[in-house]
Amino acid sequence: MRYFLDTEYNGTGGELLSIALVPEYGDQEFYATLPLPAEIHPWVAAHVIPYLRMVPAGLCEEMTRDDAGAEISRYLAHDPDPEIIADWPDDIAYFCGLLVTGPGEIVDIPSLGFRLLRTPGFSTAANSKVPHNALHDARSLRDFAVREEGFA
């Protein structure tokens, strides 16, 4: 199955703040927030932090990086051939960073495929119900891809 990915982070190259995976079919979504860093980039403080927890009840859980990687492993365990789709390279990099548990070690996860979906003229945030919230932006990406890219 395809899963649409979005992340929020503390400015370019900054710490990961939240991550979401939204399946192409069904409603079993994954969303996690990570502990906030001591210093928050001003743009992030204004446009991301206020919306981190604007998700359905029971879906927002703050986790450590290690716990988030383990939860992603559990979330994808049932799928023998998951494909992770993002519209920005950093999203894939942050996702992969959570899978690494130590030198030469990763969480127990099936083989994964990744796709960087170019979306010229489309902004997930501009089309999101809650802009700059990873879950809502991942939903926006999924809706766009299914509608415009023929993912049906």
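A quick note: this is a predicted structure, and the numbers were derived from the prediction, not measured.

A. How the structure looks around the overall build of the protein. Check the secondary structure of the protein and you find four helices and seven strands. Listing every helix and strand of the protein by position from the N terminus yields β-β-β-α-α-β-α-β-β-β-α. Burial analysis of the protein (152 residues in total) assigns 48% to the buried set. Considering only intrachain contacts with a sequence separation of at least 6, the fraction spanning at least 24 residues in the protein is 66%.

B. Spotlight on the sheet that holds strand S1 (residues 2-9). Spatial strand order, S3-S2-S1-S4-S7: five strands in an open sheet with mixed pairing. This sheet does not close on itself; its edge strands, each paired only once, are strand S3 (30-33) and strand S7 (113-116). Averaged over all pairs of adjacent strands, the angle between their axes in this sheet comes to 20 degrees, without regard to strand direction. Relative to S3, strand S2 (residues 16-23) runs antiparallel, the two being bridged by four bridges.

C. Summary view of the packing of helix H2 (residues 65-76) against helix H3 (residues 89-99). Taken N-terminus to C-terminus, the directions of H2 and H3 make an angle of 95 degrees; their axes are 7 Å apart at the nearest point. Relative to H3, H2 is oriented roughly perpendicular. On H3, the residues touching Arg65, Ala68, Gly69, Ile72 and Leu76 of H2 are Phe95, Gly97, Leu98 and Leu99. Of the residues belonging to the contact of H2 with H3, the class tally is six nonpolar, two polar and one charged.

D. Looking closely at the environment of Thr101. Examined against the element boundaries, Thr101 turns out to sit in strand S5 (residues 100-102). Owing to a relative accessible area of 41%, Thr101 belongs among the partly exposed residues under this scheme. Here Thr101 is in contact with Ile106 and Val107, once residues within four sequence places are set aside.

E. Main features of the packing of aromatic side chains. Within the structure shown, the criterion is met by five aromatic pairs. Judged by centre distance (5.7 Å) and plane angle (45 degrees), the ring pair of Phe30 and Tyr75 falls under tilted. Here Tyr75 lies in helix H2 and Phe30 lies in strand S3, a separation of 45 residues in the sequence. The exposure class assigned to Tyr75 is buried, which follows from its relative accessible area of 14%. A ring pair is formed by Phe122 and Phe144, whose centres lie 4.0 Å apart and whose planes are at 20 degrees; its orientation type is stacked.

F. Helix H4 (residues 134-148), seen in detail. The end-to-end C-alpha separation of H4 is 20 Å, in line with the 21 Å expected for 15 residues at 1.5 Å each. Counting buried positions along H4 gives 11 out of 15 residues, so the element sits mostly inside the fold. All of the buried residues along H4 are Ala134, Leu135, His136, Asp137, Ala138, Arg139, Ser140, Leu141, Arg142, Phe144 and Ala145. Tucked into the core, H4 has its buried residues touching S1, S2, S3 and strand S4 (83-86). By the N-cap criterion, in which a side-chain oxygen at the helix start approaches the backbone nitrogen of a residue two or three places on, H4 is capped by Asn133, the distance to Leu135 being 3.0 Å. Positive backbone phi, at 70 degrees, marks Gly150, one or two positions downstream of H4.

Quick notes on the rules
Residues numbered from 1 in each chain as written. Predicted model: local features only at pLDDT ≥ 70, side-chain atom pairs only at ≥ 80, totals over all residues. Heavy atoms only, no water. Helix = DSSP H or I, 4+ residues; strand = E, 2+ residues; numbered from the N terminus. Buried < 20%, exposed > 50% of the residue type's maximum accessible area, 1.4 Å probe, protein only. Contact = heavy atoms within 4.5 Å. Pairing = 2+ DSSP bridges. Axes fitted to C-alpha atoms, helices over the stretch in contact; angles between N-to-C directions. Parallel < 35°, antiparallel > 145°, perpendicular 65-115°, else oblique. Nonpolar A, V, L, I, M, F, W, Y, C, P; charged D, E, K, R; others polar. Phe/Tyr/Trp six-rings, centres within 6.5 Å; stacked < 30°, edge-to-face > 60°. Expected span 1.5 Å × (residues − 1). Polar contact = N/O pair within 3.5 Å; in protein donor to acceptor, adjacent residues only side chain to side chain.

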